[in-house]
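# Coordinate inspection notes
What follows is each chain in one-letter form.
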Amino acid sequence: MRFKFSLMAIGLEVVMIVLFGLFVEYDIAHQVNATRSPKTDQFLQLYPLFQDVHVMIFVGFGFLMTFLKKYGFSGVGFNLFLAALGLQWGTIVQGLLHDKGQNFHIGIKNMINADFSTATVLISFGAVLGKTSPIQMLVMTILEIAVFAGNEHLVTNIFQASDTGASMTIHAFGAYFGLAVAGILYRPGLRWEHKNEESVYHSDLFAMIGTLFLWIFWPSFNSAIAEPEEKQYRAVINTYLSLVASVIMAYALSSLVERRGRLDMVHIQNATLAGGVAVGTCADMEIPLYAAMGIGSIAGIISVLGYKFLSPLLGNKLMIKDTCGVHNLHGLPGVFGGLASILAIYFGMSAGSSSMAMQAAALGSSIGSAIVGGLATGLILKLPIWDQPPDENCYDDSLYWKVPKVRELDPQFFQHAHHNHLEHEV
Amino acid sequence: MRFKFSLMAIGLEVVMIVLFGLFVEYDIAHQVNATRSPKTDQFLQLYPLFQDVHVMIFVGFGFLMTFLKKYGFSGVGFNLFLAALGLQWGTIVQGLLHDKGQNFHIGIKNMINADFSTATVLISFGAVLGKTSPIQMLVMTILEIAVFAGNEHLVTNIFQASDTGASMTIHAFGAYFGLAVAGILYRPGLRWEHKNEESVYHSDLFAMIGTLFLWIFWPSFNSAIAEPEEKQYRAVINTYLSLVASVIMAYALSSLVERRGRLDMVHIQNATLAGGVAVGTCADMEIPLYAAMGIGSIAGIISVLGYKFLSPLLGNKLMIKDTCGVHNLHGLPGVFGGLASILAIYFGMSAGSSSMAMQAAALGSSIGSAIVGGLATGLILKLPIWDQPPDENCYDDSLYWKVPKVRELDPQFFQHAHHNHLEHEV
Amino acid sequence: MRFKFSLMAIGLEVVMIVLFGLFVEYDIAHQVNATRSPKTDQFLQLYPLFQDVHVMIFVGFGFLMTFLKKYGFSGVGFNLFLAALGLQWGTIVQGLLHDKGQNFHIGIKNMINADFSTATVLISFGAVLGKTSPIQMLVMTILEIAVFAGNEHLVTNIFQASDTGASMTIHAFGAYFGLAVAGILYRPGLRWEHKNEESVYHSDLFAMIGTLFLWIFWPSFNSAIAEPEEKQYRAVINTYLSLVASVIMAYALSSLVERRGRLDMVHIQNATLAGGVAVGTCADMEIPLYAAMGIGSIAGIISVLGYKFLSPLLGNKLMIKDTCGVHNLHGLPGVFGGLASILAIYFGMSAGSSSMAMQAAALGSSIGSAIVGGLATGLILKLPIWDQPPDENCYDDSLYWKVPKVRELDPQFFQHAHHNHLEHEV
């Protein structure tokens, strides 16, 4: 991948710099006489929320994807690369769309929205984890963020639908986009369990770092772009309560569906977060607290059931291998979140102007654009020019990374260790 | 544990949802004409502190308990489950007690206090880590938070004692509650060192993630519910200085008490935090800076000495096995913190109305209610209906978790690896 | 190291307590009638930024230094010890220098500046990692912070140069100080690759925890002491953009310089951060956004090239072994950041009063004082009284730490494991 990847990355960075030079400026009002401008005031207030979201993107998503025994470097490493690229491209695309192609200003809101646009890519990344090259991921980042920004514009500005925590526009979108790509890139050689597609004890603990930081800061994610004051406040509390409920239900169901009642780390790492996904659309609505907890409970349940019963079906019947199970963490709970918002509006709980029809349109448009965009992206990624890894090298860092001479799980590890051992004894 | 645990968890979550439906509402003043209400203002100011405390509860306590070589999934995983349950139950119990059984509002202060109530459970969890079933822990969570809320109500509202950073009401309480439970659940089969009761190299590094996030955010813990402005400010600085002093002393003592002067990870993971515990009660008092540093220094010293000399004594003579040594991190420094506050008031350093007698009453009531509550809870947990793990399966995830086929420290790991090795060579 | 280290640490802590008692007070204005003082207002606004920087110091630097297979306890453990010591000493030295030896007040700004002074020590620590005793590190901490505070005073107050994000006064200073120490402490026995001087798979993942938290919070580091409002805002955005650009370039170059195009974890762990270092001096200047991205891009490039081509040269020709490659992460990008600020002022982009000559003087003084101070410190550390580890025990925790009986990479690990294995089969 030496020259192709490097030159594409350098080229893209140069393009980004040029685009920033052409279109983007600081969002600062030069107010010499004012001691404090509203802009900078807002900046300081939102900055801690931005940093929470930032931790989710880089540490949360990054470590969540280190669960595979030999793909941890790629999980956390490509996550960093894709996010850094996505942040720049998302800023440009969202800014140009929002301001109709004119110069625009970058402020704390753009930075949060850029993190959001990146989140869709990282969700889709989870669906194809281990089976794609960095170049394929780079291309997917560029294409997916463009489609995402288009759909978000449609949902927010045309439909004027409500989706504060982005259950539909980020989570369902990212999941179905990724699944569509995974479906197109399906390879018979990966149908049955791959020898590398498993975790080891410590890789599962690394993944818990990701889970916990995602879980803790999810209220910031769902409230970061909510209207200030009451709605933002409400979004925090609803998300917090939905999350705690989904933890309890994820544990209960994980134990329930296993023959001997043992918990499954895959469920704990993922389904505990489903409450954050599902409550997103309703987060700032005037739903009662027990409804937020109910949404979280149901999300935890459907997420575990998805992992247990739906993922094997998808993989074996529909030929869609979903490495991280993003359908169960982002897809199903995201759709459920959209449906919940329709119900909430039916019961008069919306504080805004969004209607049931527009929420339904937003949900349909998010899923539809994700599938169409994902299929098209998948076809492009299937071109034999992007260095897709061969079947036997999937889920293995050593194709793309210099791996330490000693890797705890390699045969070489034991050779080396025995060697040392002998040296030591002699 | 299949049905018993699952059904209890589901049942409890349903109860929580019903209780929230009956008693809890948003803490939002509908002020249409005001651009900013004091409530939401406070929300935004305290939200970063809340998130700091939240990181301590989930990442801090969670990873601190991953130090055992085969009990990492349970350490971080049950911590998440218990905390999610405790947050809900703590909100209800504290709210009902505070508002005398009437409907109450949930706001950022309740959320911080719920984290606090949960902290007591997680401290006690450390004392019985590895020797109890998830069902036992679940029962303990419900009982302990009820007792905690009662004692806290007594200390704060009846005695009107001062305990901002909760050295007495959280740390000493949680430790002695846990020790009382551990004493009742004592089993001769676990008296001598269990083959699983040890760390490996990487499990000790995982535990350091917990230590560091606890250490960094402890000033937020001790100041989160302090009176705004000066007292909050003071609580941050006193805690910060006590913590740095306890780090230096923990390192010095750890090296001093070992024959060859080597540091012990158990001390570093725990005694470095003792300064945060001990300065809690005095944190917002008008003590001089050198006093805060002195408190931290002494706390670091007694914590290491406790690990070295007292824990073996407790385990072998008093039949109280304290897995994480919570007595040394939370018990002794918590009691010392309470005593320090009496001294501070004697020297006229209290800014509030608390008296020496009331501080002493608070300390006595915290320890007393903890021991009585812990003994009663222990007796309930001793009933043979909670699936307590047999001696040989203690400190081992594989009873409650699906553990990866390959676990770095299992015999199977080597079989598997050798198998691969042979395949590779042929 | 039993008594020497312990007694020095205890003695130093006593000295710190006395110095705090003599010179330091709270920075609180007792304003009984005012509902909110400007001081406490600033405290609450800067506290989240302070905590971000705190996470960088303890988790960021700490885990970044766990990449060596057998030196993780020391990496993260000595980092904690040195930082806790440095915070106290930095507060004293900076306060006395700033207030000309009089009593001074400790507030949030001092706490941030103390973290900064500590950062220089942790950078230098990276250069000598694995080759020095805790006592040597302790002595270096005391000496380096004194020299740092002197140079910072010169740069800020005498030259009145601009260095908000401290590319020169922290990063270049810390790197060249450490390199000078490493040069003096050079030992022929460590010239060629040491058997312990390598990473294993999981140690590289632990190091990524450090990298990511440094990366995420770098905008807070560069803006924490910027002038409030516009300049602080600008410092955040410039740093953010420089960082994303340096990530892309670090990945591109890392792949480009390897024969087979594979990424190198050393580059990803470090060069992705070079953008944060390099943009520091210019962070609050009125540079255009594309310039910030350009600075980050160039920093990423020179950092990877430094690791690939310069470090081997330094090690083999100049007899300077730089364990973590701090020259490539902090040295080169720091110097480049200083030069960039001169260019920025040439183009009239400075908002302040700093001149090109004064920036150049600041750069020269930072490097010069670092080298002179580092050489002198190195000579002191070379005295045979500080228990420097023998060659064969370098990069190995077991000299200073009680290491678990079972360490995944020890020969004993395999003996133990095989033993278990046999027991299991019989």
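In this text the structure is predicted, and so the values were computed from the model without any measurement. (Residues numbered from 1 in each chain as written. Chains lettered and ligands numbered in written order. Predicted model: local features only at pLDDT ≥ 70, side-chain atom pairs only at ≥ 80, totals over all residues. Heavy atoms only, no water.)

### Here's the deal with the overall build of chain A
Applicable threshold: Here a helix means four or more residues in a row that DSSP labels H or I, a strand means two or more in a row labelled E, and each is numbered from the N terminus. Throughout, the radius of gyration refers to the C-alpha atoms, and the reference size of a globule is 2.2 Å times the residue count to the power 0.38. Per-residue accessibility, obtained with a 1.4 Å probe over protein chains only, is compared with the maximum for each type, and a residue is labelled buried under 20%, exposed over 50%, and partly exposed between these values. Residue contacts are defined here by distance: any two heavy atoms, one from each residue, within 4.5 Å place the two residues in contact. Only the protein chains shown count as cover for residues, with accessible areas throughout obtained via the Shrake-Rupley method and a probe of 1.4 Å. Only four residue types enter the charge count: Lys and Arg as positive, Asp and Glu as negative, with His and the chain ends excluded. In this description, the location of a charge corresponds to atom NZ of lysine, CZ of arginine, CG of aspartate or CD of glutamate.
Counting its regular elements, chain A contains 14 helices and 4 strands. Expected size for 426 residues packed as a compact globule is a radius of gyration near 22 Å; at 22 Å, chain A falls within 12% of this value. Principal axes of the C-alpha set define a box for chain A whose edges measure 80 × 55 × 45 Å. In chain A, buried positions account for 69% of the 426 residues. In chain A, the proportion of contacts linking residues at least 24 apart, taken out of those at least 6 apart, comes to 83%. Accessible area of chain A: about 12,900 Å², with a carbon and sulfur share of 64%. Of the charged side chains in chain A, 24 are positive and 31 negative; the average position of the first set lies 7 Å away from that of the second.

### Thoughts on the relation of the copies chain B and chain A
Inclusion rule: Copies are brought into register by a least-squares superposition over C-alpha atoms of residues with pLDDT of at least 70 in both.
For the pair chain B and chain A, the relating rotation is 120 degrees, the translation along its axis is 0.0 Å, and the fit reaches an RMSD of 0.0 Å. Between the two chains, the operation in question is that of a three-fold axis. Closest approach to the rotation axis among the C-alpha atoms of chain B is made by P48(B), whose C-alpha sits 3.9 Å away. Each copy contacts the other with its own distinct surface, as only 12% of the interface residues of chain B are interface residues in chain A too.

### Description of the interface of chain B and chain A
Note the cut-off: Buried area is calculated as the accessible area (1.4 Å probe) missing from two parts once they are joined, with the contributions of both summed. Salt-bridge detection follows one rule: a side-chain nitrogen of Lys or Arg within 4 Å of a carboxyl oxygen of Asp or Glu. As used in this structure description, the phrase polar contact means that two N or O atoms lie within 3.5 Å; if the pair is within protein, one of them must be able to donate a hydrogen and the other to accept it, and residues adjacent in sequence are counted only when both atoms belong to side chains.
If you look at the interface, chain B gives 82 residues, while chain A gives 67 residues. Of all residues in chain B, R2(B), Y26(B) and K402(B) bury the most surface against chain A, accounting for 12% of the area lost on that side. Taken together, the links from chain B to chain A amount to 1 salt bridge. The salt bridge involving D264(A) is made with K402(B); its shortest N-O contact spans 3.4 Å. Linking chain B to chain A there are 15 residue pairs in polar contact (both at pLDDT 80 or more). Contributing elements (two or more residues each) for the side of chain B that touches chain A: α1 (2-23), β1 (24-26), α2 (38-64), α3 (72-98), α4 (108-128), α7 (201-223), β4 (401-402) and α14 (411-425) of chain B.

### Some thoughts on the relation of the copies chain C and chain B
When chain C is brought onto chain B, the operation consists of a screw motion whose angular component is 120 degrees and whose axial shift is 0.0 Å, with 0.0 Å RMSD remaining. A different interface surface on each copy is seen, since only 11% of the contact residues of chain C are contact residues in chain B too.

### Regarding the packing of helix α11 (residues 289-316) of chain B against helix α12 (residues 326-346) of chain B
Residues and elements named next belong to chain B. The line we're drawing: Helix axes use the C-alpha atoms of the stretch in contact, all axes being lines fitted to C-alpha atoms, and the angles between their N-to-C directions lie in the range 0 to 180 degrees. Each angle gets one of four labels, with under 35 degrees taken as roughly parallel, over 145 as roughly antiparallel, 65 to 115 as roughly perpendicular, and the rest as oblique. Put simply, a crossing is left-handed when the front helix is turned counterclockwise from the back one by less than a right angle, and right-handed when it is turned clockwise.
Where α11 meets α12, the axes come as close as 8 Å, and the angle between the chain directions of the two elements is 135 degrees. With respect to their mutual orientation, α11 and α12 come out oblique. As for the relative orientation of α11 and α12, their crossing is right-handed in sense. Along the contact surface, α11 presents I295, I298, A299, I302, S303, G306, Y307, L310, S311 and L314, while α12 presents H327, N328, L329, L332, P333, F336 and A340.

### Examining the nonpolar core
So the rule is basically this: Residues grouped as a nonpolar core are buried Ala, Val, Leu, Ile, Met, Phe, Trp, Tyr and Cys residues, joined through side-chain atoms within 4.5 Å.
Grouped together as the largest cluster of nonpolar side chains are 404 residues, with contacts concentrated most on F213(A), F213(B), F213(C) and W215(C). When near neighbours in sequence (up to four residues on either side) are disregarded, F213(A) contacts V55(A), M56(A), V59(A), V55(B), V59(B), F213(B) and F213(C).

### Quick notes on the environment of L97(C)
All names here are of chain C. Within the element layout of this structure, L97 appears in helix α3 (residues 72-98). Linking L97 and F173, residues 76 residues apart in sequence, is a C-alpha distance of 18 Å. If we ignore the near neighbours within four places in the chain, the residues touching L97 are A149, G150 and H153.

### Thoughts on the interface of chain C and chain B
Frequently, the measure chosen for interface size is the accessible area that the parts lose on association. The criterion, for reference: When residue character is reported, Ala, Val, Leu, Ile, Met, Phe, Trp, Tyr, Cys and Pro are called nonpolar, Asp, Glu, Lys and Arg charged, and the others, Gly included, polar. Note on pairing: two strands pair once DSSP finds at least 2 bridges between them.
The interface is formed by 81 residues belonging to chain C together with 66 residues belonging to chain B. Taken over both partners, the interface formed by chain C and chain B buries close to 6,600 Å², and the fraction arising from carbon and sulfur atoms is 72%. Viewed at the interface, chain B and chain C are joined by 15 residue pairs in polar contact (both at pLDDT 80 or more). Listing elements by their share of the side of chain C that touches chain B, those giving two or more residues are α1 (2-23), β1 (24-26), α2 (38-64), α3, α4 (108-128), α7 (201-223), β4 (401-402) and α14 (411-425) of chain C. Counting residues per element, the side of chain C that touches chain B draws most heavily on α2(C), which supplies 13 residues. Split into classes, the residues belonging to the side of chain C that touches chain B amount to 47 nonpolar, 20 polar and 14 charged. Bridge count for strand β3 (residues 263-264) of chain B against β4(C) is 2 bridges, and the pairing is parallel.

### Some thoughts on the environment of N79(A)
All names here are of chain A. Among the structural elements, N79 can be located in helix α3 (residues 72-98). Once the C-alpha coordinates of N79 and F58 are considered, the two residues, 21 residues apart in sequence, prove to be 7.0 Å apart. Once residues within four sequence positions are removed from consideration, N79 is found in contact with I57, F58, F61, G62, M65, S74, L122 and F125. At 3.1 Å, the side chain of N79 and the backbone oxygen of I57 are in polar contact.

### Here's the deal with the side chain of E144(A)
Residues and elements named next belong to chain A. You can see E144 is positioned in helix α5 (residues 134-158). The buried charged residue E144 lacks any salt bridge, with K131 as its nearest oppositely charged partner at 14 Å. Polar contacts involving the side chain of E144 include one to the side chain of S124, which spans 2.7 Å. Leave out the neighbours within four places in its chain, and E144 touches T120, V121, S124, F173, G174 and F177.

### Describing a nonpolar patch on the surface
Residue and element names in this part refer to chain A. Definition in use: In this analysis, a patch consists of residues with relative accessible area above 30% that form no salt bridge, clustered at 9 Å for like charges and at 5 Å for the nonpolar side chains Val, Leu, Ile, Met, Phe, Trp and Tyr.
A cluster of nonpolar side chains, L343, Y346, F347 and M356, forms an exposed patch at the surface whose accessible area comes to about 460 Å². Positionally, M356 belongs in helix α13 (residues 356-382). M356 sits in the partly exposed class, given a relative accessible area of 34%.

### Re the packing of aromatic side chains
Here is the rule: Paired rings are identified among Phe, Tyr and Trp, the last through its six-membered ring, by centres lying within 6.5 Å, and are further divided according to the angle between planes into stacked (under 30 degrees), edge-to-face (over 60) and tilted (the rest). When the NZ atom of lysine or the CZ atom of arginine is within 6 Å of a ring's centre and also within 35 degrees of its normal, the charge is said to sit over that ring.
With the rule as written, the count across this model stands at 63 aromatic pairs over all chains. Relative to F221(C), the ring of W218(C) lies with its centre 6.0 Å away and its plane at 45 degrees, an arrangement referred to as tilted. Here W218(C) and its partner F221(C) are both found in helix α7, 3 residues apart, which amounts to about one turn of the helix. For W218(C), a relative accessible area of 2% gives the class buried. In this structure an aromatic cluster arises from ring pairing among F5(A), F73(A), F78(A), F81(A), Y400(A), W401(A), Y201(C) and Y251(C). Between R234(A) and the ring centre of Y26(B), over which it is positioned, the NZ or CZ distance is 4.2 Å.

### Observations concerning unusual backbone geometry
Residues and elements named next belong to chain A. The phi dihedral of Q160 falls on the positive side, at around 50 degrees, and the residue is not glycine. Take Q160: it is sitting in the loop between α5 and α6 (167-184). Classification of Q160 as partly exposed rests on a relative accessible area of 49%.

### Focus: the environment of L129(C)
Residues and elements named next belong to chain C. Within the element layout of this structure, L129 appears in the loop between α4 and α5 (134-158). Its relative accessible area of 0% is what places L129 among the buried residues. A sequence separation of 61 residues divides L129 from L68, and the C-alpha atoms of the two residues are 9.7 Å apart.

### A word on the packing of helix α7 (residues 201-223) of chain A against α7(C)
One way to put it is that α7(A) packs onto α7(C) with a least axis distance of 10 Å and a crossing angle of 15 degrees. It follows from the interaxial angle that α7(A) and α7(C) lie roughly parallel. Between α7(A) and α7(C) lies a crossing of left-handed hand. Residues H202(A), S203(A), F206(A), I209(A) and F213(A) of α7(A) form the contact with α7(C), whose own contacting residues are H202(C), L205(C), F206(C), I209(C) and F213(C). Classifying every residue of the contact of α7(A) with α7(C) gives 7 nonpolar, 3 polar and no charged.

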